[in-house]
Amino acid sequence: WLLSTPQRAPNQPPYIPLTRLLWLLLTDHRSLWVKLGKEYAPVAQLKIPFFTTVYFLFGPDTSQFYHREKSLNFLKGIGRITGPFSPDPECVYNSTRDIGEAVNRMLVDPKLTAHMVDEVKKVETRWKGGVTDDLFGEIFSLVMKINLRCVYSIDSKTPDGAKILSLVPQVDPERIAMSGRAYYNRSAVIKECAEVFEELKSLFSRLYYERAASSTPQTTDGLVIMGNKFRQPDGQVDDFKLLHLAWSFLFAAQVNTFANMSWVLTRIAHDPVLAKRVYDEQVAIFSKRATPVTSSASLRDAIPTVQELGEMQFLDRVLVENIRVSSPGVSLRWVDSDLEWGPYTIPKNHMLGFPHPSMHWDERLFADPLKFDPDRVVPYAGLDGKDSAGAGVGEGGLHGNYNFAVWGLGRHPCVGARFAIAEMKTVISHLVRTYEMHLQDGQLPAVPFQMSTLYKPKSKVGVRFVERRD
Ligand code: HEM
């Protein structure tokens, strides 16, 4: 399996030699999944030494099956990678539905967008008339602050908020899984995580008890909503479960949102035509208000309503097209019982992966696939498996098009998509109405070699913010 193709039973899919994968990683990592898809679709297996065999299903032909199959276990798949570095290594508690419930409750809070804008304003005081030399770093901490404030009602400027902000990056599962230490010094990393989790656990529990007594059943305080789920008959909260849910939420809500928000701002700062289209849409939407908002000063101060966010349809297409181009993620699952796929049997207790680029960068669906084009039309494959003529990117419902998995599909779609869209639109809308943005070195940043679910630029991205004037 290292250098050549081993013998396999007729009902077993072909092997990808490990050397082939390594070669592509080193020489052409951006087209890795597209090339493997072309060579091995619909399914192939890869033996990863000291880990397990991973079966990869490639491209649009497998999307319906992969995303809807019951015996593909989402949590165990993710758990194999990040589990040891999570509060709950066995992943026995399925937090997904609870995250969805907590986060979608926030969307009805009429102050949600005002809180988000308030957090951006705190950050942008550092940019006025000036420059940030690390856009991605700034947006990482902005998204964390917004999520703490909007979901947990924790102000990052308080000592508790500051403590959480300093602890949480230390248990960022994506960063840990990408670091060499997680493999050659695993037990030390696990021990360090456990120490951080202890501190976080007592912090979250204390905050919960401080607030729970005076809260009402209608509360929109996410920490109280989460803690209330784990009240035991003696009135105590299971603080381990509260920690696991609070931690799962923070990372589910963080990694994709910050990276995509940063990439969209980078694109806007790079491309004046795109910037103008995004800005013109904002002007059109805000000038429809009963008291039209037209001057630069009033545009800067306007806080979008949730309805106005919904009207930002061009920005919507920009967001999803960016995810398609910039997120080379692989959806992971664990096989709970033997599976039949065409002539092949995939045995239980193995990992399955669906590399998104094998579909999102397939030239049959997306001409010139790495080109960022928010005006694209995508062939639409619905739940019935039938293709229709096509829909614009982002049209047809968040999780409706089986040729387009940017928000996940089928049994495990993204439960935070609406929240993420509200957050990205609110921040981008505010910044675009307030500033013209320019990339410091004028070039779209290069992306490094990496086996990550997200592309992060090779080096820091500097942006100049020039305040808009009438
Ligand atoms: C730009 C931002 C985001 C993107 C692109 C994104 C994308 C995705 C995708 C593609 C999946 C499916 C993964 C799979 O099939 O294996 C997913 C699942 C999930 N997302 Fe998101 N997500 C984003 C933001 C968020 C936010 C803000 C939250 C929480 C508030 C969240 C919570 C989740 C959860 C809990 C799941 C797992 C669903 C399950 O277990 O069935 N996501 N996301």
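Undergrad: How should the overall build of the protein be read in this particular structure?
TA: Assigned secondary structure in the protein consists of 19 helices and 12 strands. The globule rule puts the C-alpha radius of gyration for 470 residues at 23 Å, and the 23 Å found for the protein is close to it. Along the longest, intermediate and shortest principal axes, the C-alpha atoms of the protein span 70 × 60 × 40 Å. Considering the protein as a whole, with its 470 residues, one finds that 55% of them fall into the buried category. Contacts in the protein between residues far apart in sequence, at least 24 positions, make up 70% of those at least 6 positions apart. Averaging the positions of the 55 positive and the 52 negative side-chain charges in the protein gives two centres separated by 1 Å.

Undergrad: Sorry, what's going on with the side chain of S429 here?
TA: Mapped onto the elements, S429 comes out in helix α19 (residues 417-434). Assessed through its relative accessible area of 1%, S429 is described here as buried. Ignoring any residue separated from it by four or fewer positions in sequence, one finds S429 in contact with Q282, F286, P304 and M312.

Undergrad: I tried to follow the coordination of the iron atom of the ligand on my own but got confused; where do I start?
TA: Tetrahedral coordination by four donors puts the ideal angle at the metal at 109.5 degrees, and octahedral coordination by six puts it at 90 or 180 degrees. A lone protein donor contacts the iron atom of the ligand, and this donor is C414 (SG), found at 2.3 Å. Inspection of the secondary structure puts C414 in the loop between β10 (387-392) and α19.

Undergrad: Whenever I open this one, the pattern of salt bridges confuses me. Can you help?
TA: Close approach of charged atoms allows side chains of opposite charge to pair. Tallying each qualifying case throughout the model produces 29 salt bridges. Between R20 and E39 there is a salt bridge; the shortest N-O distance is 2.5 Å. Within this pair, whereas R20 is found in helix α1 (residues 18-28), its partner E39 is found in helix α2 (residues 32-40), the two being separated by 19 residues in sequence. In this structure E39 comes out as partly exposed when scored by relative accessible area, which is 40%. Between D280 and K276 there is a salt bridge; the shortest N-O distance is 2.6 Å. Residue D280 and its partner K276 are both found in helix α14 (residues 272-286); the two are separated by four residues, about one turn of the helix. When its relative accessible area of 36% is taken as the criterion, D280 is described as partly exposed. On the basis of relative accessibility, which here comes to 51%, the residue K276 falls in the exposed class. A single salt-bridge network, built from bridges that share partners, covers D118, E119, K122, R149 and D155.

Undergrad: Mind showing me how you'd approach helix α3 (residues 60-68) here?
TA: Residues spaced three or four apart along an α-helix point in a common direction, a consequence of the helix completing one turn every 3.6 residues. For α3, the buried fraction is high: seven of the nine residues fall into the buried class. Taken together, the buried positions of α3 are P60, T62, S63, Q64, F65, Y66 and H67.

Undergrad: Looking at this model, I keep getting lost on the packing of α14 against α19. Mind explaining?
TA: Orientation of α14 relative to α19, taken along the N-to-C sense of each, is 95°, at an axis distance of 10 Å. Put simply, α14 runs roughly perpendicular to α19. Note on element contacts: α19 touches α14 through S429, V432 and R433, opposite V278, Y279, Q282 and F286. Split by residue class, the contact of α14 with α19 holds four nonpolar, two polar and one charged.

Undergrad: I keep staring at unusual backbone geometry and nothing clicks. Help me out?
TA: With the exception of glycine, the majority of residues adopt a negative phi angle, and the majority of peptide bonds are in the trans configuration. For the peptide bond that leads from A41 to P42, omega is 10°, which places it in the cis range. Secondary-structure assignment places P42 in the loop between α2 and β1 (43-47). One non-glycine residue with positive phi stands out, namely S153, at about 50°. Secondary-structure assignment places S153 in the loop between α7 (135-152) and α8 (159-167). Residue class for S153 comes out partly exposed when judged on its relative accessible area of 39%. We note that N349 has phi near 60°; this positive angle belongs to a residue other than glycine. Relative to the elements of secondary structure, N349 occurs in the loop between β7 (344-346) and β8 (351-355).

Undergrad: For this particular structure, what's the right way to read the sheet that holds strand β4 (residues 131-132)?
TA: Strands belonging to one sheet form pairs held by backbone hydrogen bonds; the direction of such a pair is parallel or antiparallel. Strand order in this open sheet of three strands is β4-β12-β11, and the pairing throughout is antiparallel. Two strands close off the open sheet at either side, each with one partner strand: β4 and β11 (435-439). Strands in contact with helix α13 (residues 239-270) are β11 and β12 (463-467); relative to β11, the strand with the most contacts, it is inclined by about 90°.

Undergrad: For this particular structure, what's the right way to read the site of the ligand?
TA: Close contacts around the ligand come from 25 residues, with T96, S331, R333, H412 and C414 the closest. The side chain of S331 places a nitrogen or oxygen atom 2.8 Å from an oxygen atom of the ligand. In this structure, H412 approaches the ligand through a side-chain N or O atom, which is 2.7 Å from an oxygen atom. Elements that contribute at least two residues to the shell around the ligand include exactly α5 (96-106), α13, β5 (330-335) and α19. Ranked by residues supplied to the shell around the ligand, first place goes to α13 with six residues. In the shell around the ligand, the residues fall into 15 nonpolar, nine polar and one charged.

Undergrad: Help me understand the pairing of β1, please; the structure alone is not making it clear to me.
TA: Among the five residues that make up β1, four are buried, leaving the element largely enclosed by the rest of the structure. Pairing of β1 with strand β2 (residues 53-57) involves five bridges; the strand directions are antiparallel. The residue bridging K47 from the neighbouring strand is T53, located in β2. Between the end of β1 and the start of β2, which pair antiparallel, lie five residues, with F50 showing a positive phi angle near 65°.

The rules behind each value
- Residues numbered from 1 in each chain as written.
- Predicted model: local features only at pLDDT ≥ 70, side-chain atom pairs only at ≥ 80, totals over all residues.
- Heavy atoms only, no water.
- Helix = DSSP H or I, 4+ residues; strand = E, 2+ residues; numbered from the N terminus.
- Rg over C-alpha atoms; globule rule 2.2 N^0.38 Å.
- Buried < 20%, exposed > 50% of the residue type's maximum accessible area, 1.4 Å probe, protein only.
- Contact = heavy atoms within 4.5 Å.
- Lys, Arg positive; Asp, Glu negative; His and termini not counted.
- Charge placed at Lys NZ, Arg CZ, Asp CG, Glu CD.
- Donors = N, O, S within 2.8 Å, 3.2 Å for Na, K, Ca; no water.
- Salt bridge = Lys/Arg side-chain N within 4 Å of Asp/Glu carboxyl O.
- Axes fitted to C-alpha atoms, helices over the stretch in contact; angles between N-to-C directions.
- Parallel < 35°, antiparallel > 145°, perpendicular 65-115°, else oblique.
- Nonpolar A, V, L, I, M, F, W, Y, C, P; charged D, E, K, R; others polar.
- Pairing = 2+ DSSP bridges.
- Near = heavy atom within 4 Å.
- Polar contact = N/O pair within 3.5 Å; in protein donor to acceptor, adjacent residues only side chain to side chain.

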